[in-house]
Amino acid sequence: MHGLYDVFEKLYFKSFEDRERIISRVQINFTIYMGMLTVIFYMLRMLDHDEKKFPLIIFFIILLSCLISLLTSIYFTYKTLCDKYNYHYFTSFYEMSKYLARLHEYRNNMHEYNITDNNEFSLEDINFIIKSNIFAIIGKCSDENNRINKNRMFFVRKSMLWLWFSGALFVMTSAIFAVTDLDVSSPRKDTLVKDRAVADEIKNFGQHVIDEMRSIMRNDEKNKLDMSKNPHEKAISQQRYVDLKPTLPVPPTYQIITESYDFKKWTED
């Protein structure tokens, strides 16, 4: 039993290492998903819909197949993570301590029973019982955990297969997008993108500025004409301005701020 115990002990800990390895593989899937979806969203946003219909039709057919394959891969990845997987762990130290105490109590009771009734029942070897139970628990845990890991690895392989297929379609989609020059912002295209609303606003603003300048110029001419008609009034206003002596401004005074920690004054205020 000692050799089997060592084997199942290693299998028990290996089952948890396999679980962590599965999580690492799923993280790689998510990284690839994010990269592919980012490029797909960019291509859809910058797609030139004024191009010829045939390249656009081929592009959308392959892109749709790519998205279906990608969603299938995401589904199997979801199954890998979000299904109900009940991993089996070794029992707690508290439970094993209680079991060991009950075994000692059982052995003592059997010993007293043999003495009282003159029986010769054999006393169980506690160490052998404990090790046998540990062996059984570890064996069941490793079997169940390995079964769960096997199912999860099946979903991981399915997700990877669909991801590779989606990646091949993704490469074809990107090639068509680049070769047929479907990017609306391509420097090889003489495309002028106009925002009519902005152009109208700029035009209205320019006209408003011109009208304001004309109004200011008319007012200046009118003021000059009025001053030329009344030179005497202009001289009087200048004389008043010269005779008016400026006064010294009054300096600010201090402020009074009451500082009190009397609670009664706070309530009265």
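Here's what I pulled together on the structure shown here. (Residues numbered from 1 in each chain as written. Predicted model: local features only at pLDDT ≥ 70, side-chain atom pairs only at ≥ 80, totals over all residues. Heavy atoms only, no water.)

So, the pattern of salt bridges
Side-chain pairs of opposite charge can arise whenever the charged atoms involved come near each other. Applying the stated criterion across every chain, the model contains 4 salt bridges. The closest approach of N and O atoms between Asp18 and Lys14, which form a salt bridge, is 3.1 Å. Residue Asp18 and its partner Lys14 are located together in helix 1 (residues 2-45), separated by 4 residues, close to a single helical turn. For Asp18, a relative accessible area of 14% translates into the label buried. The salt bridge partner of Arg147 is Glu144, with a shortest N-O separation of 2.3 Å. You can see Arg147 and its partner Glu144 sitting in helix 4 (residues 126-179), 3 residues apart, about one turn around the helix. Among the ionic contacts, a cluster of salt bridges with common partners joins Lys14, Asp18 and Arg21. (Salt bridge = Lys/Arg side-chain N within 4 Å of Asp/Glu carboxyl O. Helix = DSSP H or I, 4+ residues; strand = E, 2+ residues; numbered from the N terminus. Buried < 20%, exposed > 50% of the residue type's maximum accessible area, 1.4 Å probe, protein only.)

Here's the deal with the packing of aromatic side chains
The relative placement of two aromatic rings is captured by the distance of their centres and the angle of their planes. Here the structure, examined in full by the defined rule, presents 12 aromatic pairs. Their ring planes at 75° and their centres at 5.2 Å tell us that Tyr12 and Phe13 sit as a pair that is edge-to-face. On the accessibility criterion, Tyr12 (8% relative accessible area) is buried. Phe13 gets classed as partly exposed once you look at its relative accessible area, which sits at 47%. Linked through ring pairs, Tyr12, Phe13, Phe16, Tyr87 and Tyr89 together constitute an aromatic cluster. (Phe/Tyr/Trp six-rings, centres within 6.5 Å; stacked < 30°, edge-to-face > 60°.)

A short note on the environment of Cys66
As for its position among the elements, Cys66 is in helix 2 (residues 53-82). Along the sequence, Cys66 and Ile40 sit 26 residues apart, while their C-alpha atoms lie 9.8 Å from each other. If we skip the residues at most four places from it in the chain, Cys66 touches Met36, Ile40, Ser166, Leu169 and Phe170. (Contact = heavy atoms within 4.5 Å.)

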